[in-house]
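The chain contents come next:
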Amino acid sequence: MEMGVDRVKVVVGNTGLGYYKEVGSYDKYIDLRYIPELFMIRRDDSGINIGVAVTISKAIEVVKECNQHGFHTEENMVYKKIADHMEKVASGFIQNSASLGGNLVMAQRNHFPSDIATVLLAVGSLVNIMNGLKSEELTMEEFLRRPELDSKSILLSVKIPDWNRLMGISSGTRMNLLFETYRAAHNP
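Scope of this entry: the structure provided in the associated data block. (Residues numbered from 1 in each chain as written. Predicted model: local features only at pLDDT ≥ 70, side-chain atom pairs only at ≥ 80, totals over all residues. Heavy atoms only, no water.)

**Some words on the pattern of salt bridges**
Per the stated rule, a full pass over the model turns up eight salt bridges. Glu-136 is paired through a salt bridge with Arg-146; the nearest N and O atoms lie 3.6 Å apart. Here Glu-136 is found in strand β6 (residues 134-139), whereas its partner Arg-146 is found in the loop between α7 (140-145) and β7 (153-161), with 10 residues between them in sequence. Look at Arg-146 and you get partly exposed, because its relative accessible area is 24%. In this structure, the salt-bridge partner of Arg-145 is Glu-141, at a minimum N-O distance of 3.0 Å. Within this pair, Arg-145 and its partner Glu-141 are both found in helix α7, separated by four residues, close to a single helical turn. (Salt bridge = Lys/Arg side-chain N within 4 Å of Asp/Glu carboxyl O. Helix = DSSP H or I, 4+ residues; strand = E, 2+ residues; numbered from the N terminus. Buried < 20%, exposed > 50% of the residue type's maximum accessible area, 1.4 Å probe, protein only.)

**Considering the nonpolar core**
Counting 41 residues, the largest nonpolar core has Ile-82, Leu-104, Leu-120, Phe-143 and Leu-155 as its most contacted members. Elements with a contribution of two residues or more to this core: β4 (47-51), α2 (56-65), α3 (74-87), α5 (100-110), α6 (115-122), β5 (126-131), α7 and β7. With sequence-adjacent residues up to four places away left out, Leu-104 is seen in contact with Ile-116, Ala-117, Leu-120, Met-140, Phe-143, Leu-144, Leu-155 and Val-158. (Core = buried A, V, L, I, M, F, W, Y, C linked by side-chain atoms within 4.5 Å. Contact = heavy atoms within 4.5 Å.)

**Let's talk about a nonpolar patch on the surface**
A surface patch of nonpolar side chains, amounting to about 220 Å² of accessible area, comprises Val-8, Val-10 and Ile-30. Among the structural elements, Val-10 can be located in strand β1 (residues 8-11). Judged by relative accessible area, Val-10 falls into the partly exposed class, the value being 45%. (Patch = residues over 30% accessible without salt bridge, like charges linked within 9 Å, V, L, I, M, F, W, Y side chains within 5 Å. Areas by Shrake-Rupley, 256 points an atom, 1.4 Å probe, with all protein chains shown as cover.)

**Considerations on the sheet that holds β5**
Taken together, five strands build an open sheet; the order of strands is β3-β4-β7-β5-β6 and the sheet is antiparallel. The sheet terminates laterally at β3 (41-44) and β6, the two strands that pair on one side only. Taking each pair of neighbouring strands and ignoring which way they run, the sheet shows an average axis angle of 20 degrees. Bridge analysis of β3 against β4 gives four bridges, and the strand direction is antiparallel. When the bridges of β4 are listed, Asp-44 appears paired with Gly-47. Of the strands in this sheet, β3, β4 and β7 touch α2, which is tilted by about 165 degrees from β4. Contacts from α5 reach β4 and β7, with the element oriented near 105 degrees to β7. (Pairing = 2+ DSSP bridges. Axes fitted to C-alpha atoms, helices over the stretch in contact; angles between N-to-C directions.)

Purely geometric stuff here, so don't read any function into it on its own.
Now the structure itself:
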């Protein structure tokens, strides 16, 4: 470590500490829970945007709401499968404390076996990152493959795309879609 350089850790729930027992310490912690923009949830024709400070349990609730209309479309089925899968991840306590962004950053930085990252990758999700003053949108695959975020970069949001729009399906098109998910990671 360079002399005079502080070690800084960005956190929301800091639940990763229970999974990865960090040996080193940090000089400063930046708590993202006090930045309202990172709790943003927005649904439009292009999909669902979820801020990275949103808890996993709240993300599950939001994705479930997209399926409440009772229509049996492929898009609703995909949202239902995402929500069902995310409900299997971790305990209720962790789901209520851990952030969606924290889970994804752990998957990217520590190769954490994240079922959430896997299912979001499968549906073509995108992430928005702020690098200095520049905003960058990446596919989930690009995000997971890139070098870990540095101190000048922060994950802002995750976008789960509208399935029909992603697949180029018009409302009158009849299609049969099979989308299944299975737990890959074990609960520690």
